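Residue-level structure breakdown
Listed below are the residues making up each chain.
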Amino acid sequence: MRPIPPSRHLLAASIFIAVSALAAYGAFHDHKISSVHVNIACAALKDHQQDLFTGDLVFGKSGLWLFHTPVLLGVLKLVLVPMNYSDVILPFRLLVGPVTLLFLGGMYALLYRQTRSWSVSVFVAVLSMTVVNVLGGSSFGLGTLASMTPQTIFLAMMPLIVLAYLNYEEHWRLVLVFTFIGAMGNIHLV
């Protein structure tokens, strides 16, 4: 039987920080935004200035623009208010690095628990960032500006949620895992 290879968690963390920094750098030079970004940015502007888009069917008097949760709009305001709403895409650019790092760290922890190989865990974690289209027109993956949506924030938490589920599968703390999943619904309900 082969011995278990030594763990190099510090090297893995360094690789993840470098990959996240590259993703953040790319986000600041990327100009491709999705329709989700446009909708959220319009909702943030409408929340800031109620008399905008009065004739629009979604962002007008119908109130459909309130679909985006107050928690998400509150997170956006942390950046938009000091910048006086001058760049409504900036919050999404700023999220790319930390969300990517969160995903990579969680995926590494989950994969390391299953394989006990740091190198395989690092490789598969970085590989799992790849943005691919899946059934129903959705996408899986993160690291680009266009992928930084409320769904992606939840996706970044999924490896940690699965890891917590596996650790507390037969323990009363499993209730806390499902409570956390419910709380994440405040960012993206679907």
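Look up a bit, the structure's there.
Note that the coordinates shown come from a computational prediction; the quantities given were computed from them, not determined experimentally.

Each value, and the rule that gives it
- Residues numbered from 1 in each chain as written.
- Predicted model: local features only at pLDDT ≥ 70, side-chain atom pairs only at ≥ 80, totals over all residues.
- Heavy atoms only, no water.
- Helix = DSSP H or I, 4+ residues; strand = E, 2+ residues; numbered from the N terminus.
- Buried < 20%, exposed > 50% of the residue type's maximum accessible area, 1.4 Å probe, protein only.
- 1 Å grid on protein atoms, 1.4 Å probe; cavity = no way out; pocket = protein on both sides within 12 Å on 5 of 7 lines; lining within 4 Å.
- Points joined across faces, edges and corners; volume = space filled by probe spheres on them.
- Nonpolar A, V, L, I, M, F, W, Y, C, P; charged D, E, K, R; others polar.
- Contact = heavy atoms within 4.5 Å.
- Axes fitted to C-alpha atoms, helices over the stretch in contact; angles between N-to-C directions.
- Parallel < 35°, antiparallel > 145°, perpendicular 65-115°, else oblique.

Overview of the overall build of the protein chain
Each helix and strand counted, the protein chain has seven helices and two strands in total. Each helix (α) and strand (β) of the protein chain, taken in turn from the N terminus, gives the series α-α-α-α-α-β-β-α-α. The C-alpha extent of the protein chain, read off along each of the three principal axes, is 70 × 40 × 35 Å. A total of 190 residues make up the protein chain; the buried ones form 38% of that total.

Thoughts on the layout of surface pockets
Considered as a void within the structure, the largest pocket measures approximately 310 Å³ in volume. If you trace the largest pocket, you find 14 residues lining it, with Ser138, Ser139, Thr149, Gln151 and Thr152 closest to the centre. Counted by class, the lining of the largest pocket contains four nonpolar, 10 polar and no charged residues.

Details of the environment of Leu102
Assignment of secondary structure puts Leu102 in helix H4 (residues 90-115). According to the relative accessible area criterion, Leu102 is partly exposed, its value standing at 33%. Spatially, the C-alpha atom of Leu102 lies 18 Å from that of Asn186, the residues being 84 residues apart in sequence. Ignoring anything within four residues of it in the chain, the contact list for Leu102 reads Ala156, Met157 and Leu160.

What to know about the packing of helix H6 (residues 150-167) against helix H7 (residues 174-184)
At their nearest, the axes of H6 and H7 sit 10 Å apart, and the two run at 175° to each other. By the criterion of interaxial angle, the relationship of H6 to H7 is roughly antiparallel. When H6 is examined against H7, the residues Ile153, Phe154, Met157, Ile161, Ala164 and Tyr165 are found in contact with a partner set consisting of Leu174, Val177, Phe178, Phe180, Ile181 and Met184. Looking at the contact of H6 with H7 residue by residue, the class counts come to 12 nonpolar, no polar and no charged.

Just geometry here; none of it tells us what the structure is for.
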